[in-house]
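Survey of secondary and tertiary structure
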Amino acid sequence: MLDQAPAADLTLPQWIGERASRHGDRPAFTFVSDDGLTETTWTYGQLWARGSAVAAALRAVDPRRQVPHAEAGRPSFRANSMDQPRALLLFPPGLEFLAGFLGCQLADWIPVPTCYPKPGRVMPRLDSAARDCSPSALVGDRDSLNTIDESRLDPAARSLAKIETQKAFRQFDGQAGCDHRSLGLSPDSLALLQYTSGSTCEAKGVMVRHRNLMANLNAIQVGFGLRHCPEMDDDYVRGAFWLPFYHDMGLIGGMLSILYLGGHAVLHSPRSFLQRPIRWLQSISDHRVTVSGAPNFAYQLCVDRISPEQTDSLDLRHWTTAFCGAEPILARSLSDFGNRFAACGFSDTAFYPCYGLAEATLLVAGGNGPAIPKVLTVDRVALGGGKIQLAETSIKRGAPRPATQNVVSCGRAVEGMDIAIVDPQTHRMVAERSIGEIWIRGTSVAAGYWNREGEADNPFSAKVARGILARTVSAVSDATYFRTGDLGFFHDGELYVIGRLKDIVIVRGRNHYPQDIEASVRGVIGDAAGQCAAFSVP
């Protein structure tokens, strides 16, 4: 039944194949060109056929073809994921990326989303991923592959087999696509390598298994309060996204979640949004979109750069899930956005502040469906000392009101996830309303980083020390957690994220969070502040 969650042992490619066989004519994705003049739509059937064509092209260059007893034309699965060949995906914004991604999974290759191609230029993100995962092929569109200057690539990315998607479509046009019922895909094989942003350290490849991916997509569906779209129902989920596909929020929270639910997503390039933020909201209006989201800065950009004249025709009544995450969430940005676009039908009950990271596949914490954001006003001095003191309880009669700060709730742990707030030095859980490092464990947490199993201080194997605050001491102490490096606290059972452990600026023994300093500067100076960044200088 397509209106129910898939079986536990099913993988996303198999689930997409089932949908393609049941509602192959339903639109899956529409890509809108930057000038807004051209729209290209693929149905579920077309996506499946083109993904199957890419899979066939990959099998022709598969380094495992020499493995004895491997069946011709069928993936050969083993327990060791290092045997799965890797393919770097090199695409500009558009629909062909989806065929490349799905084709890799169908062929039992590991897709590795990388940065957008830059003709004739150095691509450090691509080089870094190539050095780390030793790929066997580059998969991309014709223009991207033809304009690469191999002399500027890292040796690990040179002279690889090149799979051009348009050529694969032509070569296997008219042939039957993969039979999803006969795919021997294992839930424990790798679904993708998701490279981290590398904002605080060298980018690492997160090993996301099919089991992790399906668990997190289910958590997104439950947390967002969405439903699976039945076979014959035209009232399906509609999304709109401009986020880059090499980022986990764009790939999993945008593209793959829509495929999982059987809905239809309208896609734009990031450049299209940054040039004219109104394009995002206009797309939501035109296509009666029900779910969309972005980092905090995008909501603020809409407030700052969309004029009242541009919103006359906007109808945002159908936008019932507006998720926000991937960076510190500012209460002021959400409030300003809600007030600014209320006249267009947007309701602040649609907001869904959330917390996630690549190592957990994506979503870690969020609400039980969208709702008006919960905001705490806390004493900034106490915050710097690692404690949370609600502002209204910290004011003595006759005393001046202290400097305060608003923090936004990211909800509770999503389905299948456990969150602990832990002292990063003692590894003991801290009390509620005490700041500590966020540790997580659950079915969505990835298997680790690619090719880094022997590293010391593996963040995927941390254990909570035995102590009075540890919940069910024996069980918790024996379980392993992933150390996120993020700081937060619990209040009334909900998670509040306040920054990164590595980003803290310490002045005279007090902790300062750079995003708070940046927000204060912008608030005082206003638009003249431009772009600002806070960091410590020894």
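Heads up: the structure comes first, above all this text.
Residues numbered from 1 in each chain as written. Predicted model: local features only at pLDDT ≥ 70, side-chain atom pairs only at ≥ 80, totals over all residues. Heavy atoms only, no water.

Some points on the nonpolar core
Filter applied, for reference: Buried residues of nine kinds, namely Ala, Val, Leu, Ile, Met, Phe, Trp, Tyr and Cys, make up a nonpolar core once their side-chain atoms join them within 4.5 Å. Here the term buried applies to any residue with accessible area under 20% of the maximum for its type, exposed to any over 50%, and partly exposed to those in between, with areas from a 1.4 Å probe on protein chains only. Whether two residues are in contact is decided by their heavy atoms: any pair within 4.5 Å suffices.
Counting 124 residues, the largest nonpolar core has F29, W280, L281, W319, F337 and I440 as its most contacted members. Ignoring sequence-local partners within four residues, the contact set of W280 consists of A240, W242, F273, S292, G293, A294, A298, Y299, C302 and W319. Formed by 22 residues, the second largest nonpolar core is a distinct cluster that contains M123, I148, A157 and Y195.

Description of the pairing of strand β20 (residues 436-442)
The test is simple: In this text, helices come from DSSP runs of H or I with a minimum length of four residues, and strands from runs of E with a minimum of two, each type numbered from the N-terminal end. Paired strands, as defined in this entry, are two strands with at least two bridges between them according to DSSP.
Counting buried positions along β20 yields five of seven residues, so the element is predominantly enclosed. Across six bridges, strand β19 (residues 417-422) lies against β20 in antiparallel orientation. Across the sheet, D418 pairs through a bridge with R441, a residue of β20. Here β20 pairs with strand β22 (residues 480-491) via four bridges, running antiparallel. When the bridges of β22 are listed, G436 appears paired with G488.

What to know about the packing of aromatic side chains
Condition: Pairing of aromatic rings covers Phe, Tyr and the six-membered ring of Trp, with a centre-to-centre limit of 6.5 Å; geometry is then stacked below 30 degrees between planes, edge-to-face above 60, and tilted otherwise. The criterion is that NZ of a Lys, or CZ of an Arg, lies within 6 Å of the ring centre and within 35 degrees of the ring normal, and then a charge sits over that ring.
Taken as a whole and judged by the stated rule, the model has 28 aromatic pairs. Ring geometry for F97 and F245: centres 4.0 Å apart, planes at 10°, overall stacked. With a gap of 148 residues between them, F97 in helix α3 (residues 96-106) and F245 in the loop between β9 (238-241) and α8 (248-261) connect regions that are remote in the sequence. Comparing F97 with F245, the two get one shared label, buried. When the ring of F346 is compared with that of F351, the centres are 5.2 Å apart and the planes differ by 65°; the resulting orientation is edge-to-face. For F351, a relative accessible area of 2% gives the class buried. An aromatic cluster is defined as three or more aromatic residues linked by ring pairs; in this entry it consists of W242, F273, W280, F297, Y299, W319, F337, F341, F346 and F351. Here R50 stacks its cationic end above the ring of F169, 5.9 Å away from the centre of that ring. Its guanidinium or amino end placed over the ring of F341, R340 lies 4.9 Å from that ring's centre, counting from NZ or CZ.

Looking at the side chain of Q166
Here is the rule we go by: Pairs of N or O atoms within 3.5 Å make up the polar contacts considered here, provided that, within protein, one atom can donate a hydrogen while the other can accept it, and that residues adjacent in sequence are counted only when both atoms are side-chain atoms.
Examined against the element boundaries, Q166 turns out to sit in helix α6 (residues 165-171). A polar contact is formed between the side chain of Q166 and the side chain of T165, at a distance of 3.3 Å.

Some thoughts on helix α11 (residues 296-305)
All of the buried residues along α11 are N296, A298, Y299, L301, C302 and V303. Buried residues belonging to α11 abut α9 (270-275), α10 (278-286), β11 (291-294), β12 (321-324), α12 (331-340) and β13 (351-353).

Comments concerning a nonpolar patch on the surface
The following threshold applies: Like charges are joined within 9 Å and nonpolar side chains (Val, Leu, Ile, Met, Phe, Trp, Tyr) within 5 Å, but only among residues with over 30% relative accessible area and no salt bridge; these make up the patches. Residue exposure ignores everything except the shown protein chains as possible cover, and the areas themselves are Shrake-Rupley values with a 1.4 Å probe. Here, a salt bridge means any Lys or Arg side-chain nitrogen found within 4 Å of an Asp or Glu carboxyl oxygen.
Taken together, the side chains of I517, V521, V524 and I525 make up a nonpolar region of the molecular surface, amounting to roughly 340 Å² of accessible area. With respect to the helices, strands and loops of the structure, V521 is situated in helix α16 (residues 514-525). Note on V521: relative accessible area 31%, which makes it partly exposed.

Quick look at the packing of helix α2 (residues 44-60) against α3
Let me state the cut-off plainly: Here an angle of 0 to 180 degrees is reported between the N-to-C directions of two axes, which are lines fitted to C-alpha atoms, with helices fitted over the stretch in contact. Any angle between 65 and 115 degrees counts as roughly perpendicular, while under 35 counts as roughly parallel, over 145 as roughly antiparallel, and the rest as oblique. Rotating anticlockwise by less than a right angle from the far helix to the near helix defines a left-handed crossing, while the corresponding clockwise rotation defines a right-handed one. Asp, Glu, Lys and Arg are counted as charged, while Ala, Val, Leu, Ile, Met, Phe, Trp, Tyr, Cys and Pro are counted as nonpolar; the rest, among them Gly, fall into the polar class.
For the pair α2 and α3, the least separation of the axes is 7 Å and the interaxial angle reads 55°. Judged by the angle between their axes, α2 and α3 are oblique. As for how α2 packs across α3, the hand of that crossing is right-handed. Taking contact as the criterion, the partners of L47, W48, R50, G51, S52, V54, A55, L58 and R59 in α2 are, on α3, L98, A99, G100, L102, G103, C104 and L106. Tallied by class, residues from the contact of α2 with α3 come to 10 nonpolar, four polar and two charged.

A few points about the layout of surface pockets
The condition that has to hold: With a 1 Å grid spanning the protein atoms alone, the term cavity applies to any set of points in which a 1.4 Å probe fits but cannot get out, the term pocket to an open set with protein on both sides within 12 Å along at least five of seven lines, and the term lining residue to any residue with an atom within 4 Å of a point. Grid points are joined across faces, edges and corners, and a volume is the space filled by probe spheres set on the points.
Taken as a whole, the second largest pocket holds about 490 Å³ of empty space. For the second largest pocket, the lining is made up of 21 residues, of which F31, P92, P93, G94 and L95 are closest to its centre. Listed by contribution, the elements that provide at least two residues to the lining of the second largest pocket are β2 (39-43), α3, α5 (142-146) and α9. Split by residue class, the lining of the second largest pocket holds nine nonpolar, six polar and six charged.

Let's talk about the pattern of salt bridges
Overall, the coordinates contain 16 salt bridges when judged by the stated rule. In this structure, R64 engages D108 in a salt bridge whose closest nitrogen and oxygen atoms are separated by 2.6 Å. Taken together, the positions of R64 in the loop between α2 and β3 (86-90) and D108 in the loop between α3 and β4 (110-113) put the pair 44 residues apart, joining distant regions of the chain. With a relative accessible area of 2%, D108 lands in the buried category. Here the salt bridges do not stand alone but share partners, grouping D62, R64 and D108 into one network.

Some points on the sheet that holds strand β15 (residues 363-366)
In spatial order, the strands read β14-β15-β18; together these three strands make up an open sheet with antiparallel pairing. With one partner strand each, in any of the chains shown, β14 (355-356) and β18 (412-413) form the two edges of the open sheet. Pairing geometry for β14 and β15, over two bridges, is antiparallel. Pairing of G356 across the sheet is with L363, part of β15.

Let's talk about the environment of P155
Relative to the helices and strands, P155 is located in the loop between α5 and β6 (161-164). Along the backbone, P155 and A130 are 25 residues apart, and their C-alpha atoms lie at a distance of 8.6 Å.

Looking at the environment of S444
Positionally, S444 belongs in the loop between β20 and β21 (462-463). When the C-alpha positions of S444 and R209 are compared, they lie 8.8 Å apart, and in sequence the two are 235 residues distant. For S444, the contacting residues outside a window of four places in its chain are N212, A215, N216, E359, A360, T361 and M417.

Examining the sheet that holds β13
Ordered in space as β2-β1-β10-β9-β11-β12-β13, the seven strands form an open sheet in which the pairing is mixed. The open sheet is flanked by β2 and β13, the only strands paired with a single partner. In this sheet, neighbouring strand axes are inclined to one another by 20° on average, regardless of whether the strands run parallel or antiparallel. Across five bridges, the pairing between strand β1 (residues 27-32) and β2 is antiparallel. By the bridge assignment for β2, F31 is matched with T40. Contacts between α10 and the sheet are confined to β9, β10 (264-267) and β11, with β11 contributing the most and set at about 170° to the helix.

These figures come from the coordinates and say nothing about function on their own.
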